[in-house]
Amino acid sequence: DRKVLVDASPFGGLRLRARGTKRPYTLTVQREAVADFNYFTAPIAISEEWQEISVPFAALKQIGFGKPLPWSAGDLIGVNIEARNAPMGTGVFGPFELEIDWIRLESEPR
């Protein structure tokens with residue numbers, strides 16, 4: 001299998017339309033150059049009402065469990081949205097719902 005890389009360097013970030021149960025969510029952007037799961041992430045605030053959320057690439061930070069790399073949007077291999085409690089943080093447990101209408105690259109995040 002050959003990975004399909006996306007060169008998103010002409011774009012400034014991601015935008016998504018979502019709604020769901022309030023709890024901690026993280027948007028994770030995976031790069032080909034990251035070999036040790038030290039992906040780039042940013043928290044996102046989901047509400048019960050549909051909303052559009054912008055995540056500028058400049059807001060992404062590596063999670064810190066591996067080799068630090070400078071950000072580049074030239075070798076993207078995936079985007080995840082995770083409902084995960086932060087390590088050593090206060091946990092949020094129980095059932096939840098999350099609906100994603102769309103996710104797109106955007107030139108200039110709002």
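Computed from a prediction, not measured in an experiment: that's the story for all the values here.

Draft legend 1. Spatial organisation of the pairing of strand E1 (residues 13–20). Among the eight residues that make up E1, six are buried, leaving the element largely enclosed by the rest of the structure. Where E1 meets strand E4 (residues 51–56), six bridges bridge the pair, whose relative direction is antiparallel. Pairing of Arg 15 across the sheet is with Ser 54, part of E4. Pairing geometry for E1 and strand E7 (residues 98–106), over eight bridges, is antiparallel. Bridged to Gly 20 within E7 is Leu 98.

Draft legend 2. Region of the structure containing the pattern of salt bridges. Scanning the entire structure with this criterion turns up five salt bridges. A salt bridge links Arg 15 to Glu 106, with the nearest nitrogen and oxygen atoms 3.9 Å apart. Of this pair, Arg 15 sits in strand E1 while Glu 106 is found in strand E7, placing the two residues 91 residues apart along the sequence. Accessibility assignment for this pair places Arg 15 and Glu 106 in one class, buried. Salt bridges sharing partners connect three or more residues here, namely Arg 15, Glu 52 and Glu 106.

What counts, and where the lines are drawn
The residue numbering used here restarts from 1 in each chain and proceeds along that chain's sequence as written. Given that the model is predicted, a residue must reach a pLDDT of at least 70 before its local features are reported, and side-chain atom pairs must reach 80 or more before they are shown or counted; all residues, however, enter totals for whole chains, interfaces and linings. Side-chain calculation: all heavy atoms of the structure are included, whereas hydrogens and water are not. Exposure is judged per residue with a 1.4 Å probe applied to protein chains only, and the accessible area is read against the type maximum: over 50% gives exposed, under 20% gives buried, and values in between give partly exposed. Segments assigned H or I by DSSP are reported as helices when at least four residues long, segments assigned E as strands when at least two residues long, and all are numbered from the N terminus. Any two strands are treated as partners once DSSP identifies two or more bridges connecting them. When a carboxyl oxygen of Asp or Glu is within 4 Å of a side-chain nitrogen of Lys or Arg, the pair counts as a salt bridge.

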